[in-house]
Amino acid sequence: MSRCGKHSFGRLLDSATAAPADDVEPAAGRAMLKGVALGCTVLAASIAVGMAIPVLSALECMLLSVITVLAVAVGLLLKRHQWLHRSLAAERRQLRTAVDNIPQGLVLYDASARIVVCNQPYLEMFGLSPDVAKQGCTMQRLIAHRQETGSFDGDVEAFCAAIIRSVKLGNATRQITEAPGGRAIEIVNKPLESGGWVATIEDITSRKRAEEKIAHLAHYDALTELPNRALFREKLDQALKDLKPGAQLAVLYIDIDEFKSINDALGHPIGDELLKGVAERLRGCLGEADIAARLGGDEFAIIQYSVRSAADTEALVRAIYDAIRQSLECAGHLISTDASIGIAIAPGDGRHLDELLKNADLALYGAKGDGRRTWRFFEPGMDARARSRRMLESELRQAIAAGGFEVHYQPVVDLRDNAIRGCEALLRWHHPQRGMIAPADFIPVAEDTGLINELGQFVLAAACGEATKWPEDVRIAVNVSPVQFRNRTFALTVAAALAASKIAPSRLELEITEAVLMRDDEVALATLHQLRALGVRIALDDFGTGYSSLSYLHRFPFDKIKIDRSFVKGIGDEGASAAIIQAVVNIAKASNMTTTAEGVEQEWQRDLLRDLGCTEMQGYLFSRPVSAAELVRLMPGGSDKAAIVA
């Protein structure tokens, strides 16, 4: 009930306390008027009878006139009194109807703490009997009845005495109590000028829950129900203040690798399901006192209490990796994920909140810089490394805008006739101050920032354009980052490059790594089928170096398997490299795929690979990656043809 409404009811109910509660006085008044009227009528009738016999005197006539007028007046007054009584009764019925239909409970007490009015919502709110909670019932009896029905569990006498004392002093009271069913009830007692007071009772359960929800949202992430950044900082700050001498705690910053590409490829609803799944698995890794939080996006954090040594935190990290690397089902998609983790331990890595968080962030930056899917403890030199990486990112953006990249090409040679069957396009960045920057240094930065999409489009367009100058039987191979592959428009980008260069789609070979296949097989398969529909060839690069699964070779339409240089390097040792290469070659032959061995530098390696049945090879034995101008001389008819037929 609004404040204005309460004042209005107060004035209305003040008048109700002053008015009689029953019909005793109106009935007595009506009886008196009826008696006077009857007496006047009888007297007037007697005089009239007397007048019919003798002739009346002037005095008697005057008296008769007065009595007649008086009888008429009394009759009119009686009629008016009856009308006023009916009107007052109607108003009282209307008031009762209004009082019973307001959403709040209402009880009007007189100065002696007895009920004058008690409405129906009040009875329903506490489950009270109308035979008890009625006019004339004392406040003590009413509260005792509430105690009997289970909606009051305090001291009845003390409670009533406190309320009565407050209203007598002219002070309003307010309290919140719990009603059956866990509902929150607010009771306000407000004194009235004429004595007594009015109690308004309101069910504030919905409002209280809304307030609690707002307070919850202020401290918890709406998607994962984990503490948010604000509560995480609050908890960590308190934990650092409570940290006893000799005690340690760890802060872990966790970043989901390649989450943006999953989000872009599958949509935000699937991304949200993935985040909820990761949050649930993080909860399962925590100790009793530990806290996990979602800082925003794909970033999570953990406070690990009671750390005795780095080994405790390493055990937690291993548990986290074991949990999140298991495939998650998200709306019908089976998704595997991974993470980069940065760790800072207090007080050694920081005694204050911001210092500790900064160092955990630097450790995370270090984990990303080391190839992601790994973890790093904070080290003092990480700050300089992070600054260097941020500078590299800035310079990378400038180089893209200024056209500071070029594409080099490394020939792929057929082992049967030593002829060039294709060339792999390799991106090169010649920095004006730093000189040549290795792709291993800037590609991870480009993937983290999304700049890889621009670089990938540049390489694809440049390579297809350059291939138009080569013999038509020479293919061009272009590496595709997992980030590019997750872009829904990747197939359109490839189609545009083919259309612009006008080369045959079969001359373009896209090389993907197993990292592309790990995230979501169905999405990867759909993209590969789109590319196959264009007529593009697909090669599986670095096979055997990651999370290899032979099921990939059955489920995906590959044209080629590229054998990693690490196996080629160890082919002459007593290890299993030669056996692995033989197995890959046999699998490829059975599936009508070709094989290309990378990193061939010695003639004996070439000969052994040929004996094992490998189809193609590339490496320094034939040619280093060269510029487009140098490559022309290596092509059939070029002046340096002999350089590649050793």
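Residues numbered from 1 in each chain as written. Predicted model: local features only at pLDDT ≥ 70, side-chain atom pairs only at ≥ 80, totals over all residues. Heavy atoms only, no water.

The number of helices and strands found in the chain is 24 helices and 21 strands. Burial analysis of the chain (646 residues in total) assigns 47% to the buried set. Sequence separation of 24 or more characterises 61% of the internal contacts of the chain that already satisfy a separation of 6 or more. Only carbon and sulfur atoms are counted for the fraction: they give 55% of the accessible area of the chain, which is about 31,800 Å². (Helix = DSSP H or I, 4+ residues; strand = E, 2+ residues; numbered from the N terminus. Buried < 20%, exposed > 50% of the residue type's maximum accessible area, 1.4 Å probe, protein only. Contact = heavy atoms within 4.5 Å. Areas by Shrake-Rupley, 256 points an atom, 1.4 Å probe, with all protein chains shown as cover.)

Taken together, five strands build an open sheet; the order of strands is E2-E1-E5-E4-E3 and the sheet is antiparallel. Taken across any chain shown, the strands that pair with only one partner, and hence form the sheet edges, are strand E2 (115–118) and strand E3 (173–179). Averaged over all pairs of adjacent strands, the angle between their axes in this sheet comes to 20°, without regard to strand direction. Here seven bridges tie strand E4 (residues 183–191) to strand E5 (residues 197–203), and the two strands are oriented antiparallel to one another. Bridging across to E5, Lys190 finds its partner in Val198. (Pairing = 2+ DSSP bridges. Axes fitted to C-alpha atoms, helices over the stretch in contact; angles between N-to-C directions.)

Our next topic: the pattern of salt bridges. One pass over the full model with this rule turns up 39 salt bridges. Close ionic contact of Asp559 with Arg532 constitutes a salt bridge, the shortest N to O distance being 2.7 Å. Of this pair, Asp559 sits in the loop between helix H20 (551–555) and strand E19 (560–563) while Arg532 sits in helix H19 (residues 521–534), placing them 27 residues apart in sequence. Among the residues examined, Asp559 registers a relative accessible area of 18% and is labelled buried. Glu616 serves as the salt-bridge partner of Lys560, at 2.9 Å between the closest nitrogen and oxygen. Linking Lys560 in strand E19 with Glu616 in strand E21 (residues 616–617), this pair joins segments that are 56 residues apart in sequence. Glu616 shares its class with Lys560; the two are buried. Counted as one network, the salt bridges with shared partners bring together Arg475, Glu509, Arg537, Lys560 and Glu616. (Salt bridge = Lys/Arg side-chain N within 4 Å of Asp/Glu carboxyl O.)

Attention shifts here to helix H10 (residues 268–283). With 16 residues, H10 should cover 22 Å at 1.5 Å per step; its first-to-last C-alpha distance of 23 Å lies within 8% of that length. Turning to H10, its buried residues are Ile270, Gly271, Leu274, Leu275, Gly277, Val278, Ala279 and Leu282. (Expected span 1.5 Å × (residues − 1).)

Note that every value here comes from positions in space, so none of it alone points to a role or purpose.
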